[in-house]
Amino acid sequence: MNTTELPASHAELMDSVYRWQRHIYDLTRKYYLLGRDRLIDGLDVPQGGTVLELGCGTGRNIALAARRYPDARFFGLDISAEMLETASAAIAREGLSDKVRLSRGDATDFDAMALFGIAQFDRVFVSYSLSMIPGWEKTVSAALAALAPGGSLHVVDFGQQEGLPHWFRPLLRGWLRKFHVAPRASLRDVLESESQRTGATFRFRTLYRGYAWLAVIGSRK
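Residues numbered from 1 in each chain as written. Predicted model: local features only at pLDDT ≥ 70, side-chain atom pairs only at ≥ 80, totals over all residues. Heavy atoms only, no water.

A. Main features of the overall build of the protein chain. Summing up its helical and strand segments, the protein chain has 9 helices and 8 strands in all. For the protein chain, long-range pairs separated by at least 24 residues make up 75% of all intrachain contacts whose partners lie at least 6 apart in sequence. Summed over its atoms, the accessible surface of the protein chain is roughly 10,500 Å², and 51% of this surface lies on carbon and sulfur atoms. (Helix = DSSP H or I, 4+ residues; strand = E, 2+ residues; numbered from the N terminus. Contact = heavy atoms within 4.5 Å. Areas by Shrake-Rupley, 256 points an atom, 1.4 Å probe, with all protein chains shown as cover.)

B. Focus on the pairing of strand S4 (residues 100-104). One ladder, built from 5 bridges, connects strand S3 (residues 73-78) with S4; its direction is parallel. Across the sheet, the residue bridging to glycine 76 is leucine 102, located in S4. (Pairing = 2+ DSSP bridges.)

C. Representation of the packing of aromatic side chains. Considering all chains together, one arrives at 10 aromatic pairs under this definition. Geometrically, the ring pair formed by phenylalanine 75 and phenylalanine 121 is edge-to-face, given 5.5 Å between the ring centres and 65° between the ring planes. Taken together, the residues span a long stretch of sequence, with phenylalanine 75 in strand S3 and phenylalanine 121 in strand S5 (residues 121-127) at a distance of 46 residues. Classification of phenylalanine 75 as buried rests on a relative accessible area of 4%. Three or more aromatic residues joined by ring pairs form one cluster here, namely Tyr128, Phe158, Trp167, Phe168 and Tyr211. (Phe/Tyr/Trp six-rings, centres within 6.5 Å; stacked < 30°, edge-to-face > 60°. Buried < 20%, exposed > 50% of the residue type's maximum accessible area, 1.4 Å probe, protein only.)

Dropping the structure here:
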C-alpha cells in the first residue's frame, strides 16, 4: 500500500472508531448499509476497465466487484490504516491481490497517479462514505476529476428517510452519530449541480422509501 500526507485529526478519528469495529463491521453493517450490491451490479465495467473505490473500508465492496467483473482492475482508497489492514487481508484471502491495489489517502484530495500509477478510471464509486467525510463535497469533485472520458461515478449513501415513519429518522440519526456518520441532506443537490457543471448526465433514485439514495453521474466521452 502507498500513502500520502493525510489530515491527522480525521485519520486518527477513523482509526480509533474502527480499530475494533473493523473486526465485526461487515457482519453488522449488512443489515443497514442497503443498496451496496445494487450499486455494484450497476457498475457495468467495460472489458479490461479500471475501477476506483473511495472509502474502501474493509474491502467488502471492492472484493465483491472484483469477482463480479473479473476482467477489470480495481483500486481502493481509504484514510484509515486500520480498515486498510483488514481490507488487505480480505483481498489476499480472496486471492484477488493481483487485480486489486489499495492505498491510504484522503478522498477529498488525492493524487491517483502518485498512489496508483494511473490518473483516470472508467468507474469510480463511493458507498456509504460521503456521510462520514468532512468536506464530502470535495470528494465528489475529486471523483469526477478522476473519471476517464465516458466514465461514470456511482454513489450510494443514506437518504433522508422521507418515505419512512417520522419516528424512524431520529432513531437512525442517533445510532449513526455514535459512529460519526451524518446523512447528507444536500447530497442530491450537490451531485446534480456537479453533473451540470461538468456537462455530465445524472441519474438518481431513492431506495427503500428514502432510506438510501443511489446516483450515477456519467461523464462525456
